[in-house]
Amino acid sequence: MESAYTQTMFILKKYNISASKSLGQNFLINDDVIEKIVGAANIEKEDLVIEIGPGLGTLTNKLLEKAKKVIAIELDQRMINILQERFSLFTNFELINEDVLKVNLKEIIQKEKQQIRNVKIVANLPYYITTPIIMKLLEDKLEIESITVMVQKEVAKRLTAVPGAKLSGAITYAVNYYCEPKEVITVPNSSFIPEPEVESEVIKLNLRKEPPVKLKNEKLFFKLIKASFMQRRKTLINGISNSGEMQKEEIKQILKKLNISENVRGENLTLQDFANISNEWK
Ligand code: SAM
């Protein structure tokens, strides 16, 4: 098998195309990194892999060797033509030409469920929509086992931070509520064509069977977290009251009851703290 670099250069030349910056196209050319992504995803023979943004198919190629089926979702029509030709002989390959944010993943998984054991998501994500993609994968409550993805390093740190630690943001809480996140490897910029302007990292999110905190109202819990991170420099009380979700007095009373300082900021609270606050709300 030719190296990822040779494959990439050959395809780009053959189809006379170049990477689209607006679609976040940075093609992986580092065989070692590709092996590590596939290894971390721990793909078994009975698995369905959903790949987001297959691009020229370099990672797809390896996934097809391991999985029972690969369903790849790609927005760029130019890539669709390439992938159809490249994998025309693979009976375990399905391609969907759509924006991943618009695809009904629940329906896709439901349709395959009888034929496969576990569903694993694997991707070198387009960085311009990392957060909406991750949030969609989590909020849709899909029956998936894990998400192994390449993201911008700075985002990786936020996604794998401990809630309440310095780097945490609203998404840190969502990720930790649904998953056990871990860092896999940092990836040098020279592993891509073209080289991205930011550093990259592969992370793996293992979906939890049960959430780590008990909630009376999941919607409210996430609303409070989002509200308190909307205005980072504001105290929790101001953040939440500005969102119109609770009155200042109400929040003050809840914080007092829970023995949490009135001046606390959202990023200082743990997942359990937010759960306690939302569970106190009448
Ligand atoms: N998997 C390839 C690789 O590793 O070389 C390409 C990865 S590249 C970082 C991101 C891919 O996502 C591109 O192929 C791009 O066209 C695709 N993409 C961008 N926006 C998308 C969207 N909204 N839905 C589906 N695919 C998208």
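Everything that follows concerns the structure shown earlier in this document.
Here the structure is a predicted model, which is why all the values come from computation and not from measurement.

Caption draft 1: Representation of the environment of Leu 138. Considering the arrangement of structural elements, one finds Leu 138 in helix α6 (residues 130–139). Leu 138 sits in the buried class, given a relative accessible area of 2%. Taking the C-alpha atoms as reference, Leu 138 lies 7.6 Å from Val 175; in sequence the two are 37 residues apart. Ignoring sequence-local partners within four residues, the contact set of Leu 138 consists of Ile 147, Ala 174, Val 175, Tyr 178, Cys 179 and Leu 207.

Caption draft 2: View of the environment of Asn 217. Mapped onto the fold, Asn 217 is located in the loop between β9 (200–207) and α9 (218–230). Between the C-alpha atom of Asn 217 and that of Trp 281, which follows or precedes it by 64 residues, the distance is 9.3 Å. For Asn 217, the side chain forms a polar contact with the main-chain nitrogen of Lys 219, separated by 3.2 Å. Here the side chain of Asn 217 touches Leu 220 through a polar contact of 3.0 Å, landing on its backbone nitrogen.

Caption draft 3: Representation of the site of the ligand. Neighbouring the ligand are 22 residues, the closest being Gln 25, Gly 53, Glu 74, Asn 124 and Tyr 128. One nitrogen or oxygen atom from the main chain of Leu 75 is found 3.4 Å from a nitrogen atom belonging to the ligand. Here a nitrogen atom of the ligand sits 3.0 Å away from a polar atom, N or O, in the main chain of Val 100. Within the complex, the protein chains bury 99% of what would otherwise be the 600 Å² of accessible surface of the ligand. Across the shell around the ligand, the residue classes break down as eleven nonpolar, six polar and five charged.

Caption draft 4: How the structure looks around the nonpolar core. Of all hydrophobic cores here, the largest spans 60 residues; its most connected members are Ile 134, Ile 147 and Phe 221. Two domains each put at least three residues into this core: domain 1 (4–207) and domain 2 (218–280). Sequence-distant contacts of Ile 147, defined by excluding residues within four places in its chain, comprise Ile 121, Leu 137, Leu 138, Ile 203, Lys 204, Leu 205 and Leu 207. Core analysis: the next-biggest nonpolar cluster, separate from the first, contains 32 residues, Leu 63, Ile 82, Phe 87 and Ile 185 among them.

Caption draft 5: Spotlight on the packing of aromatic side chains. Summed over the entire model, instances satisfying the criterion amount to nine aromatic pairs. For the ring pair Tyr 177 and Tyr 178, a centre distance of 5.1 Å and an interplane angle of 80° mean the geometry is edge-to-face. According to the relative accessible area criterion, Tyr 178 is buried, its value standing at 12%. Seen from their ring centres, Tyr 177 and Phe 221 are 5.5 Å apart, and the 45° between their planes marks the pair as tilted. With Tyr 177 in helix α8 (residues 170–178) and Phe 221 in helix α9, this residue pair connects regions lying 44 residues apart in the sequence. Three or more aromatic residues joined by ring pairs make a cluster, and in this case those are Tyr 177, Tyr 178, Phe 221 and Phe 222.

Parameters and conventions
Residues numbered from 1 in each chain as written. Predicted model: local features only at pLDDT ≥ 70, side-chain atom pairs only at ≥ 80, totals over all residues. Heavy atoms only, no water. Helix = DSSP H or I, 4+ residues; strand = E, 2+ residues; numbered from the N terminus. Buried < 20%, exposed > 50% of the residue type's maximum accessible area, 1.4 Å probe, protein only. Contact = heavy atoms within 4.5 Å. Polar contact = N/O pair within 3.5 Å; in protein donor to acceptor, adjacent residues only side chain to side chain. Near = heavy atom within 4 Å. Areas by Shrake-Rupley, 256 points an atom, 1.4 Å probe, with all protein chains shown as cover. Nonpolar A, V, L, I, M, F, W, Y, C, P; charged D, E, K, R; others polar. Core = buried A, V, L, I, M, F, W, Y, C linked by side-chain atoms within 4.5 Å. Domains from an automatic or database assignment. Phe/Tyr/Trp six-rings, centres within 6.5 Å; stacked < 30°, edge-to-face > 60°.

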